[in-house]
Amino acid sequence: MMPIIARLYNQMPEPKYVLAMGACASGGGPFKEGYNVVSGVDKYLPVDVYIPGCPPTPQALLHGLITLQKKIDGETLARRDRKARHLAAGEFFETSWGGREQEVVEVVASHYLTALDLEPDAEDAQTLRTKVRETLSRAGERAASLGATAEAAASFGRAAELAEGPLDQARLLRKAGNAHRAFGDTAVATEQFVTAIALFEEAGDAHAAARTSADLAGVEFSTGRLADAIERMERAYGVLEGEEPDEDLAFFLSQLARAHYFAGNHDLSEERNERA
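Residues numbered from 1 in each chain as written. Predicted model: local features only at pLDDT ≥ 70, side-chain atom pairs only at ≥ 80, totals over all residues. Heavy atoms only, no water.

A. Inspection of helix α4 (residues 79-95) at higher detail. Taking 1.5 Å of rise per residue, the 17 residues of α4 would be expected to cover 24 Å, and the 24 Å separating its terminal C-alpha atoms lies within 8% of that figure. Of the positions making up α4, those classed as buried are Arg82, Lys83, His86, Leu87, Ala89, Gly90 and Phe93. Projected down its long axis, α4 shows its buried positions confined to an angular sector of 160°, all on one face. Along α4, exposed side chains directed more than 90 degrees from the buried face belong to Arg80 and Thr95. Next to the buried residues of α4 lie α1 (2-11), α5 (105-118) and α6 (125-145). (Helix = DSSP H or I, 4+ residues; strand = E, 2+ residues; numbered from the N terminus. Expected span 1.5 Å × (residues − 1). Buried < 20%, exposed > 50% of the residue type's maximum accessible area, 1.4 Å probe, protein only. Arc of directions from axis to C-beta. Contact = heavy atoms within 4.5 Å.)

B. Focus on the packing of aromatic side chains. In the structure shown here, the tally under the stated rule is three aromatic pairs. Each ring, one from tyrosine 44 and one from phenylalanine 92, has its centre 5.0 Å from the other, and the planes form 85°; the classification is edge-to-face. With tyrosine 44 in the loop between α2 (22-27) and β2 (49-51) and phenylalanine 92 in helix α4, this pair connects stretches of sequence that are 48 residues apart. Given a relative accessible area of 11%, tyrosine 44 falls into the buried group. Site record: aromatic cluster; members linked through ring pairs are Phe221, Tyr261 and Phe262. Over the ring of tyrosine 9 we find lysine 16; its NZ or CZ atom is 4.2 Å from the centre of that ring. (Phe/Tyr/Trp six-rings, centres within 6.5 Å; stacked < 30°, edge-to-face > 60°. Lys NZ or Arg CZ within 6 Å of the ring centre and 35° of its normal.)

As structure tokens, then:
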């Protein structure tokens, strides 16, 4: 349950506060050595107030709520303290899952992103920005592998906002565009592909620009703009045909062959298909 609880927590906007209710939530209680019990929720979430007891008494609950209200009224928990707690939670998730941290990478990314948003101009902001970008990218890859394309698009898009240079931003925008395309958001996919192509061309990477043009042509094909798709694909193929053959090129050629087939260009379709 802990990854789900942490994910829900990270989806909540700031300000947000956590009550650890009872001995089990606070420290694991008498079952803390069990394989299915965490030894304190504060290892995963930044706890503001601990309520003792097993079970907690009504008086303890009221005292905890009053303590939290006073903390909120006085904002006794500084942004720096909340940032430190989010960093600690993210690092704990990364290091305590015994090689399975990829399963909760979106939770880790969310903790680091919240920490960055709390103090965007801090001395460690650039280092944290790099960590956030890398973690968001990993979260996007995992979401895409599970078919959660909306989540993948959001992760890649946010990572692109934190990119260090035009090439890095273009690569992330291309991934975001393909994720948006996968769940049918063709308008956003088109916008991201166009931006990525411009960035690739600005950086002098004609081959990456051509491959992204092929992705954009796929959007045009799926939205009924067959002639535009074929024209764009053929221009991209003129750049890519000298490349070392790989799976991506084969898939691109198969899509180009399909487009020519539906356009009635059967000879060109057969030629492109044989090349694939």
